[in-house]
Each structure stands twice: as structure tokens, then as C-alpha cells.
Amino acid sequence: ERVRKLLAAEGLSWAPSAEDLFFDSVGQQRTIVSSEIEKLVTYAQGQKLVQPEDVSAICGDVDGFEIDELVDAVLSGDLETTDRIFQALGSEQTKFFPLFAMHLTRLQQMRAEMDEGGTVDSVLRNAKPPIFFKRKNTFAAQLRALTLEDVVAIQEAVQTAVLQSRKLGDLSSAVTSRAILAITRQCRTKLSA
């Protein structure tokens, strides 16, 4: 329903079977759905209907993409889990940085609220949009472990890696992998300090 409203706001609606194909391709995870629908809306601008071929052209098959697990592994400094999940993603590895950047932006906003006097509990309780209850403990751990400066430094590392991967084309997977492991090591060092 939320996706239909987003499409309607842009003057779009689903052609027959396009909606089913979209959710078959991207799954049900809110972060991924939001990212993929933004791309699809941009791609389909000027049209009235989103066709199945539009979905096939722009939306990757990311069902089963373990974004939350990978984000949590990176930010908790778990090198083994980070490497295992990242390698399992195969051709979908390029999807990680945009979704990770969205998570970091949210974490930065929440951490800034804490620095202005909020508690972890109050920041989590007042989060807009609300944080899914299964994710609250993980967000709390990340907010306690990382300062605002840490989150900004991670964001800068992500931006640098994205630029390098675009410049180096064929080596983008290696650049992305190296950057993710470097960020994970930084988080491990931070947590063990």
C-alpha cells in the first residue's frame, strides 16, 4: 500500500504483473524496498504505468539480501561475518553501500540527538520513522559504541570507496570489499578500546 501511494504521488501506477515482479525481485525488507522504488520512480518518469520490463531493467534481484546482518556485522567489528555475508552477495555486492549510507545517515541523526542531551532510550522511542522492534537493541548498541565523529568518519570512508569504485570500474568489487573490511576493522578497534 505504501509503495502504491509513493507511485501515485509521482503520477504512476503498476501495469499488470509489474507489482508482483517488483516484490519478487526485491523482497519485503523496508530499506531495500524504499531504495528500489526510488530508483524505479526515477527510471519511469514521464510514463503513466510502471511496466514489468521497467522493473526488470532497474531493480536487482535482492531478495534474501542480508542488509541488516551485514550492517550489524560491519558496525560491530565482526570481520568473519562481514566477509562471509559480503562474499555470499555475489553480483549484488554493489547494493550494499547505498543502503549502508542510508543506515549511517539515520544513525548520525540519532547520535546527534544524544549529543544534545537525549538518552539512547528516548532517541529510539522518538525515532521517525519508528525503528522495527527487532532492531532496537542493535541500534542501541551502535549508538552506545559509536560517537558522532565515528559515524561521520565511516560515512566519509563509504563516500571515498564509492568514488573509487566508479573510477576503477572493473575493480569496483575489490575496492568495495577492501573498504568494507577496513571499516569493520576500524569498528573492531573502536569497540575493543
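Preceding this paragraph is the structure being described.
Residues numbered from 1 in each chain as written. Predicted model: local features only at pLDDT ≥ 70, side-chain atom pairs only at ≥ 80, totals over all residues. Heavy atoms only, no water.

Enquirer: Could you give me a rundown of the nonpolar core, with the residues and numbers involved?
Expert: One finds W14, F22, L75, F96, F97, F100 and I154 to be the most contacted residues of the largest nonpolar core, which totals 50 residues. The dominant element in this core, judged by the number of residues it contributes, is helix 7 (residues 96-115), at eight residues. In this view, I154 contacts L75, F100, L104, L146, I183 and C187; residues no more than four positions away in its chain are not counted. (Core = buried A, V, L, I, M, F, W, Y, C linked by side-chain atoms within 4.5 Å. Buried < 20%, exposed > 50% of the residue type's maximum accessible area, 1.4 Å probe, protein only. Helix = DSSP H or I, 4+ residues; strand = E, 2+ residues; numbered from the N terminus. Contact = heavy atoms within 4.5 Å.)

Enquirer: Quick one: what's the story with the environment of Q186, residue by residue and with numbers?
Expert: Structurally, Q186 can be placed in helix 11 (residues 172-192). Q186 sits in the partly exposed class, given a relative accessible area of 45%. Distance in space between the C-alpha atoms of Q186 and D150 is 9.2 Å, their sequence separation being 36 residues.

Enquirer: Lay out the packing of aromatic side chains in plain terms, naming residues and giving numbers.
Expert: If you walk through the whole model with that rule in mind, you get five aromatic pairs. Between F96 and F100, the ring centres sit 4.9 Å apart and the planes meet at 20°, which makes this aromatic pair stacked. Of this pair, F96 and F100 both sit in helix 7, four residues apart, which is roughly one turn of the helix. Exposure remark for F96: the relative accessible area of 0% places this residue in the buried category. Overall, F100 belongs to the buried group, its relative accessible area being 1%. Here F132 and F133 contribute two aromatic rings whose centre-to-centre distance is 4.9 Å and whose plane-to-plane angle is 55°, an arrangement assigned as tilted. An aromatic cluster is built from W14, F22 and F23, whose rings are joined through pairwise contacts. (Phe/Tyr/Trp six-rings, centres within 6.5 Å; stacked < 30°, edge-to-face > 60°.)

By themselves, these figures tell us nothing about what the structure is for.
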